[in-house]
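# Survey of secondary and tertiary structure
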Amino acid sequence: MKNIIIVESPTKSKTIETYMGDDFKVLSSKGHICDLATSGKDGLGIDIENDFKPTYIINKDKTKLVNDLKKECKGAKVYLATDPDREGEAISYHLANVLGLDFDELNRVEFHEITQPAVKEAFSHPRRIDLNLTSSQETRRILDRIIGFKVSKLLQSRIKSKSAGRVQSVALKMICDLEKEILAFVPTKYYEAEAIFKDFKLELVKYNNSTNKILERKLLEDLVPKLTDFVVAEVTEKENKRESKPPFTTSTLQQDASNKLGFSSTKTMTIAQSLYEGKEINGMHVGLITYMRTDSTHISDIFKKEARAYILNNYGNSYLGHAKERTQKLAQNAHEAIRPTSVYRNPEEIKRFLSADEYKLYKLIYDRALASLMAPALFMNKKVNFTACDTLWSCSGQTLIFEGYLALAGKSSEALDKLLPDFKVGDSYKPLEINIKDLETKPHARYTEATLIKDMEEKGIGRPSTYAQTMQTLTKRDYIRIEDKKLIPTEQGVLTTDKLDEFFPSIFNVSYTANMEECLDIIARGEKTELSELQEFYQEFLPVFEDAKKNMPKLEPKKTGELCPECGSPLVLRKGKYGEFVACSNYPNCKYIKKEEKEEPEDTGIICPVCHKGHLVKKIASRGKNKGKAFYACDNFPSCKTAFNDIPTNEICPKCGSMMLRDSEGKLYCSNNCSDTDLYEPILCPKCHKGHIIKRVATKGKNKGNVFYSCDNFPRCKMLFSGKPLNQICDKCGSPMMELDGKIVCSNPKCKDNEEK
């Protein structure tokens, strides 16, 4: 009879089965098989009066799967190889319980990467199920059930909010508190000055021997006429090391993927999961990264040795550095950071086996891990101070001495250098112009997913496995909306936070939630019992909850000022699945709902680029999160379901041929999210005055792949630009100006203006 291995994921089971040979069969539990029941008193599935005894039931959608597992495992040696964290341990515990396995048996296998050596090594050292860890998970689940069920039901009945949660409500409070701070902020005007010279620019540092902000513009207006000569007072040079960052934790991966790739935390974790579970590379299924739910920056000695050899062979001895490992508060340092399973699986070499997004995330993880073991970059920093009329001005520059880990990015020293002229103390310079800058203080920026996750981690709110789910829940519950990556609380989100602040101030706050996470870790270490933590929590929670139940007022729906045409009762605004609607206040006795007047769609005259039959028409969303917003859809619906949020145009993307859209700022971009359109705004051709100059990519010849700009009236007009054309005319010859290699030059190669530049 074959040995049975049970993992969480079907994808993972296929990968591991290829490693273990014919004596093993790998099955999947497809996640948790059990959860707390929703029957019994209060629907909690917890007997609070009997030492918080939980009642577990097999999830309805897992009944057949569990029965199949029982048949497969009967009489076989069973290994439990679920994920190496608190949730994974709980899944193994429930599997052992349902399958009737001996809890003293060494049948729990834990690995942090899905590669043949790591899996084989894990199976040579099986252990018992960690009952302290499962107790910690059970405590967490019971706490969440009590808070979630009791407080959520109260909020639903009183203010129509959908849910509350131990972590989600504190994250929402952080967003709402910041929003209140932003709204209460009163800006202060202040002024700065800059002096422009031929090859450099100076910033005013001290005025009247003070570095304080200048609050009166007239002070600078009176000063500027006196500033005729700027004298070099001091030149300082200092060597500066720029160290690479530690390898990724879950939090820092989500932050970087958001900032650099524009991925949501949910998307990041979904892609990371697929990289962890494995891809087929050159005919072999292999996991590409280590386990992606971790708060440790530790890297195994095996990977360090492999990476050092790789750095030595590919870059040289001087590029070898030391490991960057930081100990986070509450970090599980027995785990590893997120890293590639092999340094020899270079992103470029395996790119063809990955989707575009998988490649981007894998490269981010690979480069960060390798860079963490490389030498720092060395810069020579130069700072120059100037004096003028008892004021101090300065400029700074840098020169790359040694690229170190920056070699991974492949940037040239020219891209990293910021060169200054050779200054000597006592030299005097006359400015070309002096500008006064009108500025004002700004409030703290709103949270993005990245900054909220960073703040949650620093404050100890939640764990690596909860960040993505928290973001998803807040959006799904309509507590926040996301605009330009910024997290903005909705009216309902603010109301929810205000009521929780009013009635549960001791429960839903940062310090209490962080302390609770710490207690769960203490239980996992066996230093505290599940029962004592639950009793302590409930003694504090119950009186607060009973007070809220008694005193939290019910929010009455807002009246519209109209009367119901059927029963004469006032009409009120209600919220439903698809947004707000107007209905009778006498519900359920009267079920009248006012029908919304629909605007007639506005025909754009543009033929649908997908079905080529219908026209794109402008519509107004009547429900959902985009209710009231305009969008553009094919009038051949439902046969064609083409729709765009931005304005369609008759312009065609020069790279992929898709329709171009115009955003809210009036800029064009490709509807196919083509990476090469960069919102270029075509200009009227200066030669034929009929076509437009559009961006193209050469498809053949020695310049294949290069960007150029030409008239779309080709072949009648053969106007070409080697750089990006601008709506500016050359003062010397009257030809159009263009942007080339970061400089603005005349498009006429014979123009003397270019020779001077």
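Residues numbered from 1 in each chain as written. Predicted model: local features only at pLDDT ≥ 70, side-chain atom pairs only at ≥ 80, totals over all residues. Heavy atoms only, no water.

## Observations regarding the overall build of the protein chain
Here is the rule we go by: Secondary structure elements are defined from DSSP: runs of H or I of at least 4 residues count as helices, runs of E of at least 2 residues count as strands, and each element is numbered from the N terminus. In what follows, a contact means two residues having at least one pair of non-hydrogen atoms within 4.5 Å. Where accessible areas are quoted, they stem from the Shrake-Rupley method and a 1.4 Å probe; at the residue level, only the protein chains shown are allowed to cover. Think of it this way: Lys and Arg go in the positive column, Asp and Glu in the negative one, and His and the chain ends go nowhere. Note that the charge is assigned to NZ on lysines, CZ on arginines, CG on aspartates and CD on glutamates.
When helices and strands are counted, the protein chain shows 19 helices and 35 strands. Projected onto the principal axes, the alpha-carbon positions of the protein chain cover approximately 90 × 80 × 65 Å. In the protein chain, 60% of the contacts between residues at least 6 apart in sequence involve partners at least 24 apart. When the accessible surface of the protein chain is summed, it comes to about 40600 Å², and 49% of that surface belongs to carbon and sulfur atoms. With 117 positive and 108 negative side-chain charges, the protein chain shows a separation of 4 Å between the mean positions of the two kinds.

## Re the packing of helix 10 (residues 301-314) against helix 12 (residues 356-371)
Spelled out, the test is: Where helices are involved, their axes are fitted lines through C-alpha atoms of the stretch in contact, as for all axes, and angles between N-to-C directions lie from 0 to 180°. Should an angle fall under 35 degrees it is taken as roughly parallel, and over 145 as roughly antiparallel, whereas 65 to 115 is taken as roughly perpendicular and any remaining angle as oblique. Here the term charged refers only to Asp, Glu, Lys and Arg, the term nonpolar to Ala, Val, Leu, Ile, Met, Phe, Trp, Tyr, Cys and Pro, and the term polar to all other amino acids, Gly among them.
Viewed as axis vectors pointing N to C, helix 10 and helix 12 meet at an angle of 85°, and their least axial separation amounts to 10 Å. The angle between the axes of helix 10 and helix 12 places the two elements in the roughly perpendicular class. Taken together, the residues of helix 12 that come into contact with helix 10 (itself represented by Phe303, Ala307, Tyr310 and Ile311) are Tyr366, Ala369 and Leu370. Looking at the contact of helix 10 with helix 12 residue by residue, the class counts come to 7 nonpolar, no polar and no charged.

## A look at helix 4 (residues 116-123)
This is how it is decided: The classification of residues rests on relative accessible area computed with a 1.4 Å probe and restricted to protein chains. Under 20% of the type maximum is buried, over 50% is exposed, and intermediate values are partly exposed. Along the arc lie the directions from the helix axis toward the C-beta atoms.
Within helix 4, the full set of buried residues consists of Ala118, Val119, Ala122 and Phe123. Projection of helix 4 onto a plane perpendicular to its axis shows the buried side chains occupying an angular sector of 130°, all on one side. Buried positions along helix 4 lie against strand 1 (3-7), helix 1 (10-20) and strand 7 (78-80).

## Brief notes about unusual backbone geometry
Put simply, Tyr587 and Pro588 share a cis peptide bond, and its omega is 10°. Along the chain, Pro588 turns up in the loop between strand 21 (579-584) and strand 22 (602-607). Omega for the bond connecting Phe637 with Pro638 falls within 30 degrees of zero, at 5°, which places this linkage in the cis form. Considering the arrangement of structural elements, one finds Pro638 in the loop between strand 24 (630-634) and strand 25 (643-644). Even without being glycine, Lys30 reaches a positive phi, approximately 55°. In this structure, Lys30 sits in the loop between strand 2 (24-28) and strand 3 (34-36). The phi torsion at Asp484 lies on the positive side, around 50°, for a residue other than glycine. Inspection of the secondary structure assignment puts Asp484 in the loop between strand 17 (480-483) and strand 18 (486-489). With a relative accessible area of 72%, Asp484 lands in the exposed category.

## Brief notes about the packing of helix 6 (residues 168-184) against helix 15 (residues 467-476)
When two helices pack together, you describe them by how their axes are tilted relative to each other and by the distance separating the axes. Interhelical geometry of helix 6 versus helix 15 gives an angle of 70° and a closest axis separation of 10 Å. Taken together, the axes of helix 6 and helix 15 are roughly perpendicular relative to one another. Contacts between helix 6 and helix 15 involve Gln168, Ala171, Leu172 and Ile175 on the former and, on the latter, Thr470, Thr473 and Leu474. Among the residues forming the contact of helix 6 with helix 15, the class breakdown is 4 nonpolar, 3 polar and no charged.

## Let's talk about the confidence of the model for the protein chain
Condition: pLDDT is defined as a per-residue confidence score from the predictor, taking values between 0 and 100.
Summing up the model confidence of the protein chain, the mean pLDDT is 88 and the portion of residues at 70 or higher is 92%. Ignoring residues within four places in sequence, the model shows residues 675-679, a span with pLDDT below 50, making 15 contacts including any to other chains.

## As for the sheet that holds strand 27 (residues 659-662)
What counts is decided by this rule: Between any two strands, at least two bridges found by DSSP are needed for them to pair.
Spatially, 3 strands are ordered 26-27-28 in an open sheet, and the strand pairing comes out antiparallel. At either margin of the open sheet sits one strand with a lone partner, and together these are strand 26 (647-652) and strand 28 (668-670). Within the sheet, the average angular offset between the axes of one strand and its neighbour, ignoring direction, is 40°. As defined by bridge partners, strand 27 adjoins strand 28 across 3 bridges and the pair is classed as antiparallel.

## Considering the nonpolar core
Just so we agree on the cut-off: The set of buried Ala, Val, Leu, Ile, Met, Phe, Trp, Tyr and Cys residues whose side-chain atoms join them within 4.5 Å is what this entry labels a nonpolar core.
One finds Ile5, Ile16, Phe111, Ile289, Leu361 and Leu370 to be the most contacted residues of the largest nonpolar core, which totals 63 residues. The element best represented in this core is helix 12, accounting for 9 residues. The residues contacting Leu361, other than those within four sequence positions of it, are Leu253, Ala257, Leu261, Phe263, Thr268, Ile271, Ala272 and Leu275. If you look at the next biggest cluster of nonpolar residues, it comprises 31 residues, including Ile142, Leu155, Leu520 and Met552.

## Quick word on helix 15
Within helix 15, the full set of buried residues consists of Tyr467, Ala468, Thr470, Met471, Thr473 and Leu474. Tucked into the core, helix 15 has its buried residues touching helix 6, helix 8 (250-261), helix 9 (265-277), helix 14 (449-459), strand 17 and strand 18. Directly beyond the C-terminal end of helix 15, a positive phi value near 65° is found at Asp478.

## Comments concerning the sheet that holds strand 15 (residues 428-429)
Pairing in this open sheet of 7 strands is antiparallel, and the strands run 15-10-13-14-9-8-16 from one edge to the other. Only two strands of the sheet have a single partner each, and these edge strands are strand 15 and strand 16 (433-440). Across 3 bridges, strand 8 (residues 189-196) lies against strand 9 (residues 201-207) in antiparallel orientation. By the bridge assignment for strand 9, Glu194 is matched with Glu203.

## Topic: the packing of aromatic side chains
Put simply, the rule reads: The criterion for an aromatic pair is that two Phe, Tyr or Trp rings (for Trp, the six-membered ring) have centres within 6.5 Å, with stacked assigned to planes under 30 degrees apart, edge-to-face to planes over 60 apart and tilted to the rest. For a Lys NZ or an Arg CZ to count as sitting over a ring, it must be within 6 Å of the ring centre and within 35 degrees of the ring normal.
Per the counting criterion, the structure on display carries 24 aromatic pairs. Counting every residue linked through ring pairs, the aromatic cluster contains Phe52, Phe504, Phe508, Phe537, Tyr538, Phe541 and Phe545. Over the aromatic face of Tyr190 sits the side chain of Lys213, whose NZ or CZ is 5.0 Å from the ring centroid.

## Quick word on the pattern of salt bridges
Convention followed: The rule for a salt bridge is simple: a side-chain nitrogen of Lys or Arg has to be within 4 Å of a carboxyl oxygen of Asp or Glu.
Considering all chains together, one arrives at 41 salt bridges under this definition. Here Lys363 ties to Asp367 by a salt bridge, and the two come within 3.0 Å at their closest N and O atoms. In this pair, Lys363 and Asp367 both sit in helix 12, 4 residues apart, roughly one turn of the helix. For Glu527, the salt bridge identified is with Arg525, shortest N-O distance 3.2 Å. Looking at Glu527, the relative accessible area reads 55%, which means it is exposed.

## Considerations on the environment of Ile159
Residue placement: Ile159 occurs in helix 5 (residues 131-159). Residue Ile159 is classed as buried on the basis of its relative accessible area of 1%. Considering only alpha carbons, one finds Ile159 and Glu556, 397 residues apart in sequence, at a separation of 8.2 Å.

## Quick look at the pairing of strand 34 (residues 736-740)
Relative to strand 34, strand 33 (residues 724-729) is paired through 3 bridges, and the arrangement is antiparallel. Within strand 34, the residue paired with Lys724 across the bridge is Glu739. Once strand 33 ends, the chain turns through 6 residues before running back antiparallel as strand 34, passing Gly734 with a positive phi of about 85°. Bridge count between strand 34 and strand 35 (residues 743-746): 4 bridges; the pairing is antiparallel. Note on strand 35: the bridge partner recorded for Met737 is Cys746.

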